[in-house]
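If you want the building blocks of each chain, they are given just below.
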Amino acid sequence: MNLIDAKAALHKRKKRKRVGRGRGSGHGKTSCKGAKGAKARSGNETRLLFEGGQMPLFRRIPKRGFNNPFKKEYTIINIKDLENFDSGAVVDPQELKNNRIIKNTKYNLKVLGEGELKKSLTVVAHKFSKTAIAKITEAGGEVKTLS
């Protein structure tokens, strides 16, 4: 093997750019920051979405309505979705998630009365509509409310 055949090893890390170390380095004088302006000064930290002093977008667009921080969100299912369960089964949010009727149990569950129910089920949920309660009890089932 000759010296000409030797190749340099692959460097896994790139060398850091050292600025402000004289003209000979290629990164001297203004230290790669250009001339003047806020970005050339020390201590420049513009906030996210800063638009150079003009009126920011989130202040220019009109505001409408109100977002209630205490709003309760519900996952809604209908009586017809409970027809897949066997008679006498206890149907709660976890059971509905296991059978892929609802995606997650993050929100409260509300049962609405669309469709028909021919099986007697014990349905456990956070809220029920009046028609849902009527149809479940009419089929011989039971309604339990979660707090």
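In the block above lies the structure referred to throughout.
Residues numbered from 1 in each chain as written. Predicted model: local features only at pLDDT ≥ 70, side-chain atom pairs only at ≥ 80, totals over all residues. Heavy atoms only, no water.

**Q** Hey, could you run me through the pattern of salt bridges in this one?
**A** Side chains that differ in sign of charge can pair as their charged atoms come close. Counting across every chain of the model gives two salt bridges. Across the salt bridge formed by glutamate 51 and arginine 60, the nearest N and O atoms sit 3.4 Å from each other. Owing to a relative accessible area of 29%, glutamate 51 belongs among the partly exposed residues under this scheme. We classify arginine 60 as partly exposed; its relative accessible area is 43%. Glutamate 114 is the salt-bridge partner of lysine 80, the closest N and O atoms lying 2.8 Å from each other. (Salt bridge = Lys/Arg side-chain N within 4 Å of Asp/Glu carboxyl O. Buried < 20%, exposed > 50% of the residue type's maximum accessible area, 1.4 Å probe, protein only.)

**Q** How should I be thinking about the environment of glutamate 73 in this particular structure?
**A** In this fold, glutamate 73 is placed in the loop between helix H1 (57-60) and strand S1 (74-78). Taking relative accessible area as the criterion, glutamate 73 reaches 42% and is therefore assigned partly exposed. In this structure, the C-alpha to C-alpha distance between glutamate 73 and tyrosine 107, residues 34 residues apart in sequence, is 5.9 Å. Filtering out sequence-adjacent residues up to four positions away, glutamate 73 remains in contact with Tyr107 and Asn108. (Helix = DSSP H or I, 4+ residues; strand = E, 2+ residues; numbered from the N terminus. Contact = heavy atoms within 4.5 Å.)

**Q** Help me out: how do you make sense of the sheet that holds strand S3 (residues 108-112) in this one?
**A** Strand pairing in a sheet relies on backbone hydrogen bonds, with the paired strands running either antiparallel or parallel. Sheet architecture is open: three strands sit in the order S1-S3-S5, paired in parallel fashion. The sheet is open, and its two edges are formed by S1 and strand S5 (127-128), each paired on a single side. Relative to S3, S1 runs parallel, the two being bridged by five bridges. What sits directly across from isoleucine 76, in S3, is lysine 110. (Pairing = 2+ DSSP bridges.)

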